[in-house]
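Examination of the molecular architecture
Here is what each chain is made of, one letter per residue.
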Amino acid sequence: MGMLALAVCAISATACHSEAGARRKLEQDGYTGIVLTQTGSSFSFTAKNAAGQRCMGDVSVSGSSSSVMVSCSDVCTPEEPVACTSMGLAALAKDPTKSTQYFVTGCDAKLAASCTNAGAAYGKGTGVARDDVKSFVYDKKACDGGEAQGCENLAIDYEEGEGTEKDPVGAYRAADTACTKNLLAGCSTAGRFLIEGNGVAADATKGLTLVERACTGKEVVACANLGMYLVEGSHGVTRDAARGQTVLEDACAKDEATACANLGLYYLQKKLTDKTGTRLVADVTKGCDDGNGGACNTLGYVMENGLGGLKADLARALGQYQKGCDLGHGLACRNVGMSYEHGRGAKKDLVKASTAYDAACKLGDDESCKKRKGLPG
């Protein structure tokens, strides 16, 4: 083989010299895996650039001058996974199925960022059938690979029992890891676990510091939790209703649904003062509209009992309870069941009542499990 190569160069020494120059030029430009094919006085080539893209083009070298014409594109394969995350994100809006395929390929190649996105895709059913077990698997791979958001997602999996058994200890550890990587959502979650002594020894001082840090960093969910702890004065946190109200109002103004829900609930429970009925209704309505099932349940209660300046309206109340139930709030589902069982706001319907109690029971509402017994279905 060596003699044959020498013979070729002997026949066309100029071509051999040009090929060496072309290869050297491409290597200087950061290309690797170069394959050259002579085409007349120049060379066509395929190669990979420094960004991991697959490239093809033409290169020519003559004396001290050279030129390169090239076209490059991202590639996501098990052998070349570098661009899988960016390609997945780019495809997300137009082709979610292809997007998730890219993320899975990247994750299988141990790209932690791809694992985070694959977990989110399966958790939401983006481009694939929703699968909480697969979502958990990818979230864990992401966290094990050092991805802060993957760790926060894993904490939620463990806390809620999504795709795995509930594990408060694992949830705290994952959230704490996310926090140490400066993800404020992780600090909010870890702080909440510390304050409540959930999965870790209770430490209200340390926990409140983390929650305040997250809230100061504009993590509005943390602000909703901070306001709640201050208003309630629970779990070793010193009560400061005035400050708690301010924190909740600021978070609600930023469309944090839980903050709005808590505001309305606290005024309803007389834990805060100087709030008109109109504002009470506005807060819980905003929280409900922003997707908080608890706020919808509170709004239903307000409508059912004619509070906050509203006229009692059982049919509208049932509508709000149903909305809260659809958002996964167990007590709202129980109220739907009670409405149908006793004919409040709609015609008495024991089958619908049973369905609502079943939903509430599955959401952990033990009282609904008891109410379900003896009903048809």
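A brief structural summary. (Residues numbered from 1 in each chain as written. Predicted model: local features only at pLDDT ≥ 70, side-chain atom pairs only at ≥ 80, totals over all residues. Heavy atoms only, no water.)

1. Quick notes on the overall build of the chain
Condition: Strands here are runs of E lasting at least two residues and helices are runs of H or I lasting at least four, both read from the DSSP assignment and numbered beginning at the N terminus. The globule rule is 2.2 Å times the number of residues to the power 0.38, and the radius of gyration it is compared with is taken over C-alpha atoms. Accessible surface is estimated by sampling points in the Shrake-Rupley manner with a 1.4 Å probe; for residues, cover comes only from the protein chains shown.
Scanning the chain from N- to C-terminus turns up 19 helices and four strands. For 377 residues, the compact-globule estimate of 2.2 N^0.38 gives 21 Å, and the C-alpha radius of gyration of the chain, at 30 Å, exceeds that figure by more than 25%. Seen through its principal axes, the chain has C-alpha atoms that stretch 100 × 50 × 35 Å. Carbon and sulfur atoms make up 52% of the accessible area of the chain, which amounts to about 19,100 Å² in all.

2. Considering the state of the cysteines
In plain terms, the rule: Cysteine sulfur atoms that pair up within 2.5 Å are treated as a disulfide. Buried means the residue's accessible area, taken with a 1.4 Å probe over protein chains only, is under 20% of the maximum for its type, while exposed means over 50%, and partly exposed covers the values in between.
As enumerated under the stated definition, the model contains ten disulfides in all. The disulfide bridge from Cys252 ends at Cys260, spanning 2.1 Å between sulfur atoms. Torsion about the S-S bond of the Cys252 and Cys260 cystine: about 105°, corresponding to right-handed handedness. Looking at Cys252, the relative accessible area reads 4%, which means it is buried.

3. Details of empty space enclosed by the protein
Convention followed: Here a cavity means grid points, on a 1 Å grid over the protein atoms only, where a 1.4 Å probe fits yet cannot get out; a pocket means an open set of points with protein on both sides within 12 Å along at least five of seven lines; lining residues are those with an atom within 4 Å of a point. Grid points are joined across faces, edges and corners, and a volume is the space filled by probe spheres set on the points. Just so you know the grouping, Ala, Val, Leu, Ile, Met, Phe, Trp, Tyr, Cys and Pro go in nonpolar, Asp, Glu, Lys and Arg go in charged, and all remaining residues, Gly too, go in polar.
One pass over the structure, following the stated rule, counts one cavity of 30 Å³ or more. Computed from the structure, the largest cavity encloses a volume of approximately 40 Å³. In terms of lining, the largest cavity is formed by Glu304, Leu314, Ala317, Leu318, Tyr321, Ser339, Arg344 and Gly345. Of the residues in the lining of the largest cavity, the class split is four nonpolar, two polar and two charged.

4. With respect to helix 17 (residues 330-342)
Our working definition: Each helix should span, by expectation, one fewer than its residue count multiplied by 1.5 Å. Any two residues whose heavy atoms approach within 4.5 Å are treated as being in contact.
When the terminal C-alpha atoms of helix 17 are compared, their 19 Å separation across 13 residues agrees well with the 18 Å that a helix rising 1.5 Å per residue should span. With eleven of its 13 residues buried, helix 17 lies for the most part within the structure. By the burial criterion, the buried members of helix 17 are Gly330, Ala332, Cys333, Arg334, Asn335, Val336, Gly337, Met338, Ser339, Tyr340 and Glu341. Turning to helix 17, the residues buried within the fold contact helix 15 (293-305), helix 16 (314-326), helix 18 (350-362) and helix 19 (366-372). Positive phi shows up at Gly343, right after helix 17, with a value of about 65°.

5. Some details on the layout of surface pockets
Empty space left among the atoms is revealed by rolling a probe the size of a water molecule over them. The space that makes up the largest pocket amounts to roughly 820 Å³. Around the largest pocket, the lining comprises 23 residues; the ones closest to its centre are Glu159, Glu160, Arg192, Val221 and Thr258. At six residues, the largest contribution of residues to the lining of the largest pocket is made by helix 7 (residues 148-160). Grouping the constituent residues of the lining of the largest pocket by class yields seven nonpolar, eight polar and eight charged. Of the pockets and cavities examined, the second largest pocket occupies roughly 250 Å³. Lining the second largest pocket we find Glu160, Glu162, Lys166, Gly328, Gly330, Lys362, Leu363 and Gly364. Here the residues of the lining of the second largest pocket are counted per class, giving one nonpolar, three polar and four charged.

6. Digging into the packing of helix 13 (residues 257-268) against helix 15
Put simply, the test is: Where helices are involved, their axes are fitted lines through C-alpha atoms of the stretch in contact, as for all axes, and angles between N-to-C directions lie from 0 to 180°. Here a crossing is taken to be left-handed if its near helix is turned anticlockwise relative to the far helix by less than a right angle, and right-handed if that turn runs clockwise.
The geometry of helix 13 relative to helix 15 is characterised by a closest axis approach of 9 Å and an angle of 35° between their N-to-C directions. Between helix 13 and helix 15 lies a crossing of left-handed hand. Residues Ala261, Leu265 and Leu268 of helix 13 touch helix 15, and the partners they reach there are Ala295, Thr298, Tyr301 and Val302. Here the residues of the contact of helix 13 with helix 15 sort into six nonpolar, one polar and no charged.

7. Some thoughts on helix 5 (residues 112-124)
Given 3.6 residues per turn, any residue in an α-helix points the same way as the ones three and four places further on. With 13 residues, helix 5 extends 19 Å between its outermost C-alpha atoms, agreeing within 8% with the 18 Å of an ideal straight helix rising 1.5 Å per residue. Among all positions of helix 5, only Ala112, Ser114, Cys115, Thr116, Ala118, Gly119, Ala121 and Tyr122 are buried. Buried residues belonging to helix 5 abut helix 3 (84-91), helix 4 (96-108), helix 6 (132-144) and helix 7. Following helix 5 by one or two positions, Gly125 adopts a phi angle in the positive range, close to 75°.

8. Some details on the packing of aromatic side chains
For the record, the criterion: Note on aromatic contacts: the rings of Phe and Tyr and the six-membered ring of Trp form a pair at centre separations within 6.5 Å, being stacked when their planes are under 30 degrees apart, edge-to-face when over 60 apart, and tilted otherwise.
This model, assessed by the stated rule, comprises three aromatic pairs. Between Tyr122 and Tyr138, the aromatic rings sit 5.8 Å apart at their centres with planes inclined by 20°, giving stacked as the arrangement. Here the residue Tyr122 occupies a position in helix 5, and Tyr138 occupies one in helix 6, the gap between them amounting to 16 residues. Tyr138 carries the same exposure label as Tyr122, and that label is buried.

9. A few points about the side chain of Asn335
Summarising the element assignment, Asn335 is placed in helix 17. Each residue touching Asn335, except ones within four places of it in the same chain, is listed here: Asn297 and Tyr321.

10. Considering the pairing of strand 2 (residues 42-48)
Residues in a regular strand project their side chains so that they alternate between the two faces of the sheet. So the rule is basically this: By this definition, two strands are paired if DSSP reports at least two bridges between them.
Of the strand pairs in this sheet, strand 1 (residues 32-39) and strand 2 are connected by six bridges, and their pairing is antiparallel. Bridging from a neighbouring strand, Leu36 pairs with Phe45 of strand 2. Remark: two residues form the turn of the hairpin made by strand 1 and strand 2, two consecutive strands paired antiparallel; Gly40 in that turn has positive phi of roughly 70°. Sheet analysis places strand 2 next to strand 3 (residues 54-62), joined by six bridges and oriented antiparallel. Residue Thr46 lies in a different strand from strand 3, and its bridge partner there is Met56. Where strand 2 folds back on strand 3, the antiparallel hairpin that results is connected by five residues, among which Gly52 adopts a positive phi of roughly 85°.

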